[in-house]
Amino acid sequence: MESPSSSLVIIVGAGISGISAAKALAENGVEDLLILEAADRIGGRIRKEEFGGLNVETGAGWIQGVGGKEPNPVWELASKSGLRTCYSDYSNARFNIYDQSGKIFPSAVAADSYKRAVESAIRELRNQEANLDGISSILEPPMVPKTPIELAIDFILHDFEMAEVEPIATYTDLGEREFLVADERGYEHLLYKMAESFLRSSQGEIVDSRLKVNTVVREVHYSRNGVSLKTEDHCVYNAKYVILSVSVGVLQSELITFSPPLPKWKTEAISKLDVIVYTKIFLKFPYKFWPCGPGTEFFLYAHEKRGYYTFWQHMENAYPGSNILVVTLTNEESKRVESQSEEETLREAMGALRDMFGPQVPDACDILVPKWWNNRFQRCSYSNYPMLASQLDFRGVKAPVGPIFFTGEHTHERFNGYVHGGYLSGIDTSKALLEAMMMREEDENEEDEEDEEEEEEQEGSMKERRGLERPFLLEPLLALTETLTQQGAVSRLQKWDSARQLYFRGKLSIIQQQQAIK
Ligand SMILES: Cc1cc2nc3c(=O)[nH]c(=O)nc-3n(C[C@H](O)[C@H](O)[C@H](O)COP(=O)(O)OP(=O)(O)OC[C@H]3O[C@@H](n4cnc5c(N)ncnc54)[C@H](O)[C@@H]3O)c2cc1C
């Protein structure tokens, strides 16, 4: 066994959130940092793989929300580093709906039915949003789909809430656009560009000892004084602080154990989150047999089994002449396909294509079936906050526990599920950590200055003060919220806000008492 290495900060995971946290810390003078990554490369759920003579994106492929009210910082990074992208609007899929006999729906009928179904669902949901019973009834599919058009519409409604992250209740068309990454260097090029900055020391040399790949963290031992991490290969890494950037799927699994166990409020918040499995299956053909004109990039296959090889895309806009089709599956369908052989999946996908385009469709020359659910370092494609999740649940997922800070797309309130959510969460978490480090330093300096007698006198109030000032002590806040709940405050959000006010009022009075003593 190697002797333990020691760092000020260890970041577990080198996806977009881990890398952006490391970059932000390094830019703020934290040089003594180390990233431990389980896989053999950085990127996490941003991943390119060679297929059919190209590098395809098996993980994130789009830069979403471009040109909306809030700028997407990942779009800015992509523009700066010259990443090649192409405009791609998957909502167009609803104009190209095929049934099992290859009949294509006239686009006006499809678009109109779709629009009416979405509008009525939103209206009903908004009317009933104060009434929880009402909401649970609308969570059921709005109809039992029978006809192909209903099947397709049902899939799109389901897709809004499950695959596209956005709950239908909050969906607003902000005129945002999506761009598909179409660059041989891959989406991951952005991460390598970011990593360069912290892999260089202040003297400009590359310090690649700051990143260790193939290093699977299995145990996290923590106390007020720091954290000790044990890896699968029996190495020990010590740090004063840890940022855990693993996915919520990993947090819900048994890959990492904590000692002492994480508090109940934390594990409960983590367990409440839904995880979405979203799989892009790639198929290479000897030639094109699908329509390739304007507005044809996406098409839907209406099958009576919800989500059965429904959502298709051709890659001609991104890579002309590639002869590659992509079909997207989600959740139960993803898990089902992950558990069967590639031959079976190929047979099913070819059946769907031959239903749509006829028996003359040529055999595919190759297939790629990524597995996100069975990957023990992912266990999901992205997080999804259930519709009835509260602000409190969200904050519980994000809040630190002692010296352990949590980051990742699932901790970003606005953009959870997205690459830019991961990027922004890394920055937020590094800020919270820097603040905690500063506070702790102040505490320690203060303690050094006091003589022993004073220390004894003030021990009780100092303990109390530390307990209240440390930003990562969420328990008192949660306990207060619980009390308010029992007293029947109106909504969960109000309870949380009232608890926060009481907490800060308490903190203020203790600081005032401290000053009076001095
Ligand atoms: C198929 C698919 C399609 C997607 N499409 C889009 C899209 O088009 N647009 C978009 O914006 N988003 C998309 N997303 C979501 C986006 O990829 C993620 O939200 C984002 O990349 C998550 O980044 P992260 O840093 O939070 O987590 P991750 O990228 O998962 O990083 C966590 C890292 O932790 C590592 N790790 C896990 N366990 C351990 C351990 N025990 N020890 C050490 N390391 C460990 C993992 O290997 C991983 O590298 C998609 C995701 C998938 C899977």
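This one's a predicted model, so the numbers in the text were calculated from it and none came from an experiment. (Residues numbered from 1 in each chain as written. Predicted model: local features only at pLDDT ≥ 70, side-chain atom pairs only at ≥ 80, totals over all residues. Heavy atoms only, no water.)

**A few points about the overall build of the protein**
For the record, the criterion: Under the scheme used here, helices are H or I runs from DSSP no shorter than 4 residues and strands are E runs no shorter than 2 residues, and both carry numbers assigned from the N terminus. Note on classification: 1.4 Å probe, protein chains only; a residue is buried when its accessible area is under 20% of the maximum for its type, exposed when over 50%, partly exposed between these limits. Should any heavy atoms of two residues lie within 4.5 Å, those residues are counted as being in contact. The Shrake-Rupley method, run with a 1.4 Å probe, gives the accessible areas here. Residue values count only the displayed protein chains as cover.
Along its length, the protein carries 15 helices and 21 strands. Relative to its full complement of 518 residues, the protein shows a buried share of 52%. Long-range pairs, those at least 24 residues apart, make up 72% of the contacts in the protein with a sequence separation of at least 6. Counting every atom, the protein has about 24,200 Å² of accessible surface; 51% of that belongs to carbon and sulfur.

**Description of the pattern of salt bridges**
The condition that has to hold: Every case where a carboxyl oxygen of Asp or Glu lies within 4 Å of a side-chain nitrogen of Lys or Arg is listed as a salt bridge.
Counted by the stated rule, this structure contains 18 salt bridges. Of the charged contacts in the structure, one is a salt bridge between Glu 232 and Arg 218, with a shortest N-O distance of 2.7 Å. Here the residue Glu 232 occupies a position in the loop between β11 (226-231) and β12 (236-244), and Arg 218 occupies one in strand β10 (residues 217-223), the gap between them amounting to 14 residues. What makes Arg 218 partly exposed here is its relative accessible area of 29%.

**Here's the deal with the sheet that holds strand β5 (residues 62-66)**
What counts is decided by this rule: Two strands form a pair only when DSSP identifies at least two bridges running between them. Every axis in this analysis is a line fitted to C-alpha atoms, fitted for helices over the stretch in contact. Angles between the N-to-C directions lie between 0 and 180 degrees.
Within the open sheet, the three strands sit side by side as β5-β8-β6. Their pairing is antiparallel. Each having just a single partner strand, β5 and β6 (85-87) make up the two edges of the open sheet. Taken over all neighbouring pairs, the strand axes of this sheet differ in orientation by 30 degrees on average, direction set aside. Strand direction decides the pairing type here: β6 and strand β8 (residues 177-181), joined by three bridges, are antiparallel. By the bridge assignment, Cys 86 is partnered in β8 with Leu 180. Lying on the sheet, helix α2 (residues 73-80) is in contact with β5, β6 and β8; it crosses β5 at an angle near 120 degrees.

**Examining helix α10 (residues 342-357)**
The condition that has to hold: Working rule for helices: expected span equals 1.5 Å times residues minus one.
Compared with an ideal rise of 1.5 Å per residue, which puts 16 residues at 22 Å, α10 spans 22 Å between its outermost C-alpha atoms and is within 8% of the ideal. Where α10 terminates, the next one or two residues include Gly 358, which has phi positive at roughly 100 degrees.

**Side note on the packing of helix α1 (residues 16-27) against helix α6 (residues 189-198)**
What counts is decided by this rule: Every angle not falling under 35 degrees, over 145, or within 65 to 115 is termed oblique; those three ranges are roughly parallel, roughly antiparallel and roughly perpendicular. For any pair of crossing helices, the crossing counts as left-handed if the nearer helix is rotated counterclockwise from the farther one by less than a right angle, and right-handed if it is rotated clockwise. Gly is put with the polar residues, along with every residue not named as nonpolar or charged; the nonpolar set is Ala, Val, Leu, Ile, Met, Phe, Trp, Tyr, Cys and Pro, and the charged set is Asp, Glu, Lys and Arg.
Interhelical geometry of α1 versus α6 gives an angle of 30 degrees and a closest axis separation of 9 Å. Judged on the interaxial angle alone, α6 and α1 are roughly parallel. Crossing hand, α1 versus α6: left-handed. Listed contacts from α6 to Ile 16, Ile 19, Ser 20, Ala 22, Lys 23 and Ala 26 of α1 are Leu 191, Met 194, Ala 195, Ser 197 and Phe 198. Of the residues assigned to the contact of α1 with α6, the class counts are eight nonpolar, two polar and one charged.

**Describing empty space enclosed by the protein**
Rules: Each cavity reported here is a set of points on a 1 Å grid over the protein atoms alone in which a 1.4 Å probe fits but cannot get out, each pocket an open set with protein on both sides within 12 Å along at least five of seven lines, and each lining residue one with an atom within 4 Å of a point. Grid points are joined across faces, edges and corners, and a volume is the space filled by probe spheres set on the points.
Scanning all chains against the criterion turns up three cavities of 30 Å³ or more. Taken as a whole, the largest cavity encloses approximately 120 Å³ of empty space. Where the lining of the largest cavity is concerned, the elements lending two or more residues are β4 (54-57), β8 and β15 (278-284). Among the elements that take part in the lining of the largest cavity, β4 stands out by supplying three residues, more than any other. Of the residues contributing to the lining of the largest cavity, the split by class is nine nonpolar, three polar and two charged.

**Considering the nonpolar core**
Across soluble globular proteins, you tend to see nonpolar side chains buried next to one another. Formally: For the purposes of this section, nonpolar cores are sets of buried Ala, Val, Leu, Ile, Met, Phe, Trp, Tyr and Cys residues that join through side-chain atoms within 4.5 Å.
Ranked by internal contacts, the top residues of the largest apolar core, which has 36 residues, are Val 9, Ile 19 and Leu 25. With six residues, helix α12 (residues 419-449) is the single largest residue contributor to this core. Contacts of Leu 25, omitting those with residues within four sequence positions, involve Val 9, Ile 11, Val 30, Leu 33, Ile 243, Ser 430, Leu 433 and Leu 434. By size, the runner-up hydrophobic cluster in this structure holds 35 residues, among which are Val 250, Phe 258, Leu 262 and Trp 265.

**Here's the deal with the pairing of strand β18 (residues 324-330)**
Here β18 lies mainly inside the structure; seven of its seven residues are buried. The side-chain alternation of β18 yields two buried faces, one formed by Ile 324, Val 326, Thr 328 and Thr 330 and the other by Leu 325, Val 327 and Leu 329. With seven bridges connecting them, β15 and β18 associate as antiparallel partners. Paired with Lys 284 across the strands is Ile 324, a residue of β18.

**Re the environment of Gly 61**
Topologically, Gly 61 is positioned in the loop between β4 and β5. Residue classification places Gly 61 among the buried positions, given a relative accessible area of 6%. Linking Gly 61 and Ala 182, residues 121 residues apart in sequence, is a C-alpha distance of 8.4 Å. The residues touching Gly 61, leaving out its near neighbours within four places in the chain, are Phe 179, Leu 180, Val 181, Tyr 187 and Lys 280.

**Details of the packing of aromatic side chains**
For the record, the criterion: Note on aromatic pairs: the rings of Phe, Tyr and Trp (six-membered ring only in Trp) are paired at centre separations within 6.5 Å, and the planes decide the class, stacked below 30 degrees, edge-to-face beyond 60, tilted for the rest.
Counted by the stated rule, this structure contains 16 aromatic pairs. Plain terms: the ring middles of Tyr 98 and Phe 299 are 5.9 Å apart, the flat faces sit at 75 degrees to each other, and that makes the pair edge-to-face. One end of the pair, Tyr 98, is in strand β7 (residues 97-98); the other, Phe 299, is in strand β16 (residues 298-301), with 201 residues separating them in the sequence. Across this residue pair, the class does not change: Tyr 98 and Phe 299 are buried. Between Tyr 241 and Phe 405, the ring centres sit 6.5 Å apart and the planes meet at 70 degrees, which makes this aromatic pair edge-to-face. Here the residue Tyr 241 occupies a position in strand β12, and Phe 405 occupies one in strand β21 (residues 404-406), the gap between them amounting to 164 residues. Exposure class is identical for Tyr 241 and Phe 405. Each is buried.

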